[in-house]
Amino acid sequence: MRSPGASVVGGAWYRDVELEACEPWGGYLAVEIDVQPKEILALPHQNVSFMCRVADHLQYCRMEVPGLNVLNLNPNQTPYRGAVYYGSGLHLGQCGLSLESVNEENNGEIKCTLGLLTESQESSATMRLIVAREPRPPQLEIQNSDRYWAYKVGDVIHATCIVRDGRPAANISWYLDDELIPNGFLSPPTIIHGNRGDLQTVFQNLTKEVRPSDNGKALKCVAHHPALTSNNVVYRQLNVTYAPIPQLNPIDKFGYSLGKEGIISLVIEANPRPHLEWTIRDQTIKAGGHDSTGRIMAEEIRDLGRGLYEAVLIIADIQKHDTETQYILKVYNDMGSQDYVILISTSPEPEGFKKFFRESINYLEMGVLSIIGIVVAVLLLLVIVFLVIFARVTGRWCFSGSHRAGESSDTESVDVRPKRSRLLPNLSFSFFKKPKPDELERPRSAETIETKVPLEDDARSDEPKEGIVYAELDLVNPNPKPLVKSYDDKTEYAEIVYTQKDDAAPPSQDTKEEGKPAPGS
């Protein structure tokens, strides 16, 4: 098991650290020692190296290694039982140790002690050498199963994988055949320290509901350890029992030819092995039997393995009435039964039919996450369309100018001469004006425009014109009638200006003033 922050050099696993503060007796901080690496995981007979470094001249370098005596190291010494000085020299502050071939005895803590010319006290630091030990082969324990490892669909497997006495603890992986089981079905691994030194035992639990597709698959527990090279896999083959799985009825079969032999084939999923019988025009045919005419034969069921079976019906020569008949296949076992309705046709298989199934398979292969992504994208598009329509109707955001542009002036000039008029009024004029209370009470059949009509020709005096009335002009009714209103009850209006013919003199400027009709009107 590789430790976090570790690196591999020469086949051994290293863990690096930065400067470490080393405290001698009394808690006095003597000097900082850089230890590289802090921890090494090595297989037996591998070479490893440790380095203790300071930024000052060293007077001596001493190492304490499990299985060896205390070593006083310097570049001029010869190797002792595979241990030799490692580094560029004491004068550069380097105190290193190289072990040419590690073994079980060297497993444990290594301590370096440094003497500096400028310090009256020694400084020390520790490293750890882990010599890997092969664990026992993994063990697989499954609860709630019989000796045949049989389960029903919907049952829950409770399994435990145990790997004992390894150094360090092994890692565990679970598989169904070659498919890795996700961590969602697994508990966190638990490590137990044994009584035999620093050997460790690890176990992990699996909880999973069985499905028909699990039938015949091997539930595997795989142990991973640097010293474990064989016997690292244990498995049990699952036996999942279930009734025949239903299919979409009716099942259409195409491409048969009149007068020729026809074979009706259907693959069924069931476990244990099912029995079958065909029902054709009120006749029941057992597997291996014939109909009353001897023209139709039902073959014995074929075992395709892992819960798949094939039912085959052979028709000697296809007749027209055969294409108008329902072929009912009943399949049953100890877990239940299922009926399948089959129709045959002399027509070729429709392209749309093939495309539908190809696309269905493709959608299933896309996975749940891809389908969710498509649904989210469609919903986002619908929200955007809704916001655009809402803004367009209410005149918000970028559509706010369209309503203001459609509003007209409070006063409009109207030509009373007969001419081609617009069929539709400017509706924005009426929609965006607040109605008065009396208008809310009075029903209106169509949008109207109020007009101010002078009643007398001599309306040139400066006094208020009592003869002026207000009328509403109905633009929808083909026979409009003005609605006369009092002066105090006026609302928005359009001023009607009587225009002269082309050969007449243009009206004077004062005729356009409010409430003053043109002469001769």
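The coordinates are above.
I will try to describe carefully the structure that is included in this document. Treat the numbers as computed from the prediction; the structure is a model and nothing was measured. (Residues numbered from 1 in each chain as written. Predicted model: local features only at pLDDT ≥ 70, side-chain atom pairs only at ≥ 80, totals over all residues. Heavy atoms only, no water.)

What follows is about the state of the cysteines. As enumerated under the stated definition, the model contains 3 disulfides in all. Paired by a disulfide, C52 and C112 hold their sulfur atoms 2.1 Å apart. Since a negative S-S torsion denotes a left-handed disulfide, the C52-C112 link at about -100° is left-handed. Of the two residues, C52 is situated in strand β6 (residues 48–53) and C112 in strand β11 (residues 108–116); the sequence distance between them amounts to 60 residues. As far as burial versus exposure is concerned, C52 and C112 are alike and both buried. In this model C161 forms its disulfide with C221; the gap between the sulfur atoms is 1.6 Å. Classification of the bridge connecting C161 and C221 rests on its S-S torsion, roughly -50°, and on that basis the disulfide is left-handed. Placement of the pair is C161 in strand β15 (residues 156–166) and C221 in strand β20 (residues 218–224), with a sequence separation of 60 residues. Each member of the pair C161 and C221 is classed as buried. Across the chain, the disulfide pattern expressed with sequentially numbered bonded cysteines is 1-4, 2-3, 5-6. (Disulfide = S-S within 2.5 Å. Helix = DSSP H or I, 4+ residues; strand = E, 2+ residues; numbered from the N terminus. Buried < 20%, exposed > 50% of the residue type's maximum accessible area, 1.4 Å probe, protein only.)

This part covers the nonpolar core. If you look at the biggest cluster of nonpolar residues, it comprises 31 residues, and the most contacted ones within it are C52, M63, L97, L99 and L129. The residues contacting L97, other than those within four sequence positions of it, are V48, S49, F50, M63, V65, L71, L73, A83, V84, Y86 and I110. Ranked by size, the runner-up nonpolar core spans 25 residues in total, among them L140, Y151, A170 and L206. (Core = buried A, V, L, I, M, F, W, Y, C linked by side-chain atoms within 4.5 Å. Contact = heavy atoms within 4.5 Å.)

Before going further, it helps to examine the pairing of β6. In terms of burial, β6 is a largely internal element, 5 of the 6 residues being buried. Alignment of strand β4 (residues 31–36) against β6, held across 3 bridges, turns out to be antiparallel. Each residue of the ladder has a partner; that of D34, found in β6, is R53. As defined by bridge partners, β6 adjoins strand β10 (residues 94–99) across 6 bridges and the pair is classed as antiparallel. Each residue of the ladder has a partner; that of C52, found in β10, is C95. (Pairing = 2+ DSSP bridges.)

A cis amide bond, omega -5°, links R167 with the succeeding residue P168. Mapped onto the elements of the fold, P168 is located in the loop between β15 and β16 (171–176). Here the bond from N249 into P250 is cis, since omega is -5°, no more than 30 degrees from zero. The topology assignment puts P250 in the loop between β22 (239–241) and β23 (251–253). Despite not being glycine, H45 shows a phi value in the positive range, around 75°. Here H45 lies in the loop between β5 (39–42) and β6. Despite not being glycine, D165 has its phi angle at roughly 55°, a positive value. Accessibility expressed as a relative area gives 14% for D165, which makes it buried.

So, about a nonpolar patch on the surface. A grouping of I371, I374, V375, V378, L379 and L382 is seen on the molecular surface, where their side chains present a nonpolar patch of about 520 Å² in accessible area. With respect to the helices, strands and loops of the structure, L379 is situated in helix α1 (residues 351–394). (Patch = residues over 30% accessible without salt bridge, like charges linked within 9 Å, V, L, I, M, F, W, Y side chains within 5 Å. Areas by Shrake-Rupley, 256 points an atom, 1.4 Å probe, with all protein chains shown as cover. Salt bridge = Lys/Arg side-chain N within 4 Å of Asp/Glu carboxyl O.)

The next point concerns the side chain of S98. Within the secondary structure layout, S98 lies in strand β10. Judged by relative accessible area, S98 falls into the buried class, the value being 15%.

Here we come to the environment of S337. Here S337 shows up in strand β31 (residues 336–344). Residue S337 is classed as partly exposed on the basis of its relative accessible area of 42%. Residues S337 and I245 lie 92 residues apart in sequence; the distance between their C-alpha atoms is 8.8 Å. Not counting residues up to four positions away in its chain, the partners in contact with S337 are P244, K330, V331 and Y332.

This part is about the pairing of strand β7 (residues 58–64). In this structure, β7 lies alongside β11, joined through 6 bridges in antiparallel fashion. Bridging across to β11, L58 finds its partner in L116. Both β7 and strand β8 (residues 71–73) contribute to a ladder of 3 bridges, which runs antiparallel. Note on β8: the bridge partner recorded for C61 is L73. Here β7 folds back onto β8 in antiparallel fashion, the turn holding 6 residues, of which G67 has a positive phi close to 85°.

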